[in-house]
Amino acid sequence: MGYNVAIDGPAGAGKSTIAKLVAKEKGYIYVDTGAMYRALAVHFLEKGIAAEDTAGIIAAAREAEVSIRYEEGVQQVYLNGENISSRLRTEEVGNMASMTSLVPEVRERLLELQRSLARERDVIMDGRDIGTNILPDADVKVYLTASVETRAKRRFDELTEKGLTCDYEEIAKDIRERDERDMNRETAPLRQAEDAVLVDSSDMAIPEVVETIVRLCR
């Protein structure tokens, strides 16, 4: 059995950034479950399927092959044999992933891959329901969060640095709506596991958050 670390939390809390740095520090395999859902979202968008078209989403999910590979130590996400890593972080893909992850068949499509990785390797996994659903027996569980204002500001700065025009209030609105969806969905809603350690990064620098989580690991 592998040694498993689960990091859950709302959108924009910095889960992926922190998980990657902890993985590097500890020598774990980083599994970005959100990227896997985003890969399916790319598939749905490419096929022109609306998020409300549940039957279409289920059918399309069955035919999609999502895989994770490590190339020169960097995680790459493939959809039907094509590397789509550079396409995963747009707002359109993020919103589609948030909405379509409500469909149980979408979650089931990816669940076994995630669990099989955790059985075989020392992994750190981040998402919405890792500690509560995907890896309920994880050795370490963390609930990483930050205020809506902090998360929106981080996203605004990230997009601005890339030269993209964006609106802070619109970003904050999207984050609030995504929180509402994720926390109130019927299947595996976002919540803090009873045995998870709460880490609020609103007033913490990235190295502080990484150090806090590294100390929890073996």
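Placed above this text is the structure.
Residues numbered from 1 in each chain as written. Predicted model: local features only at pLDDT ≥ 70, side-chain atom pairs only at ≥ 80, totals over all residues. Heavy atoms only, no water.

J.: Just to check I follow, could you spell out the sheet that holds strand S7 (residues 140–145) for this structure?
T.: In a beta sheet, neighbouring strands are held together by backbone hydrogen bonds and run either parallel or antiparallel to one another. Ordered in space as S2-S6-S1-S7-S8, the five strands form an open sheet in which the pairing is parallel. Each edge of the open sheet carries a strand with a single partner, namely strand S2 (29–32) and strand S8 (197–200). Within this sheet the neighbouring strands show an average axis-to-axis angle of 20°, counted without direction. Pairing analysis gives five bridges linking strand S1 (residues 4–8) to strand S6 (residues 123–127), with the strands arranged parallel. Of the residues in S6, the one forming a bridge with Ala6 is Met125. Helix-sheet contacts for helix H5 (residues 104–120) involve S1, S2 and S6, and the interaxial angle to S6 is about 150°. (Pairing = 2+ DSSP bridges. Helix = DSSP H or I, 4+ residues; strand = E, 2+ residues; numbered from the N terminus. Axes fitted to C-alpha atoms, helices over the stretch in contact; angles between N-to-C directions. Contact = heavy atoms within 4.5 Å.)

J.: Looking at this structure, how should I read the nonpolar core?
T.: Generally speaking, soluble globular proteins have nonpolar side chains that are buried together. Formed by 37 residues in total, the largest nonpolar core has its most connected members in Leu40, Phe44, Val66, Leu88, Val106, Met125 and Leu135. Going through the elements one at a time, S2, helix H2 (33–46), helix H3 (54–63), strand S4 (74–79), helix H4 (91–100), H5, S6 and helix H6 (130–134) are the ones with two or more residues in this core. Ranked by residues supplied to this core, first place goes to H2 with eight residues. The next biggest cluster of nonpolar side chains, apart from the first, holds 20 residues, and it includes Ala19, Val140, Leu144 and Cys217. (Core = buried A, V, L, I, M, F, W, Y, C linked by side-chain atoms within 4.5 Å. Buried < 20%, exposed > 50% of the residue type's maximum accessible area, 1.4 Å probe, protein only.)

J.: I would appreciate a short explanation of the packing of H2 against H5 in the present structure.
T.: The relative placement of two packed helices comes down to the angle between their axes together with the axis-to-axis distance. The interhelical angle for the contact between H2 and H5, taken along N-to-C directions, is 140°, at an axis separation of 11 Å. Relative to H5, the element H2 is oriented oblique. Note that H2 runs across H5; the crossing there is right-handed. Listed contacts from H5 to Thr33, Met36, Tyr37, Leu40 and Phe44 of H2 are Val106, Arg107, Leu110, Leu113 and Gln114. Of the residues that constitute the contact of H2 with H5, the class distribution is seven nonpolar, two polar and one charged. (Parallel < 35°, antiparallel > 145°, perpendicular 65-115°, else oblique. Left-handed = near helix turned anticlockwise from the far one by under 90°. Nonpolar A, V, L, I, M, F, W, Y, C, P; charged D, E, K, R; others polar.)

J.: I keep staring at helix H8 (residues 168–184) and nothing clicks. Help me out?
T.: Along an α-helix, residues three or four positions apart point the same way, because every turn accommodates 3.6 residues. Here H8 contains 17 residues, and its C-alpha end-to-end distance of 24 Å stays within 8% of the 24 Å for a straight helix at 1.5 Å per residue. Close packing links the buried residues of H8 with H2, H4 and helix H7 (148–161). One side-chain oxygen at the N-terminal end of H8 lies 3.1 Å from the backbone nitrogen of Glu169; it belongs to Asp167. (Expected span 1.5 Å × (residues − 1). Polar contact = N/O pair within 3.5 Å; in protein donor to acceptor, adjacent residues only side chain to side chain.)

J.: Whenever I open this one, the pattern of salt bridges confuses me. Can you help?
T.: A side chain of one charge can pair with a side chain of the opposite charge when the charged atoms of the two come close. For the structure on display, the rule yields 17 salt bridges. Put simply, Glu63 and Lys47 hold a salt bridge, and the shortest N to O gap is 3.0 Å. Of this pair, Glu63 sits in helix H3 while Lys47 sits in the loop between H2 and H3, and the two are 16 residues apart along the sequence. For Arg155, the salt bridge goes to Glu91, with nearest N and O atoms at 2.7 Å. One end of the pair, Arg155, is in helix H7; the other, Glu91, is in helix H4, and 64 residues separate them in sequence. Salt bridges linked by common partners bring Glu91, Arg155, Glu158 and Lys162 together as one network. (Salt bridge = Lys/Arg side-chain N within 4 Å of Asp/Glu carboxyl O.)

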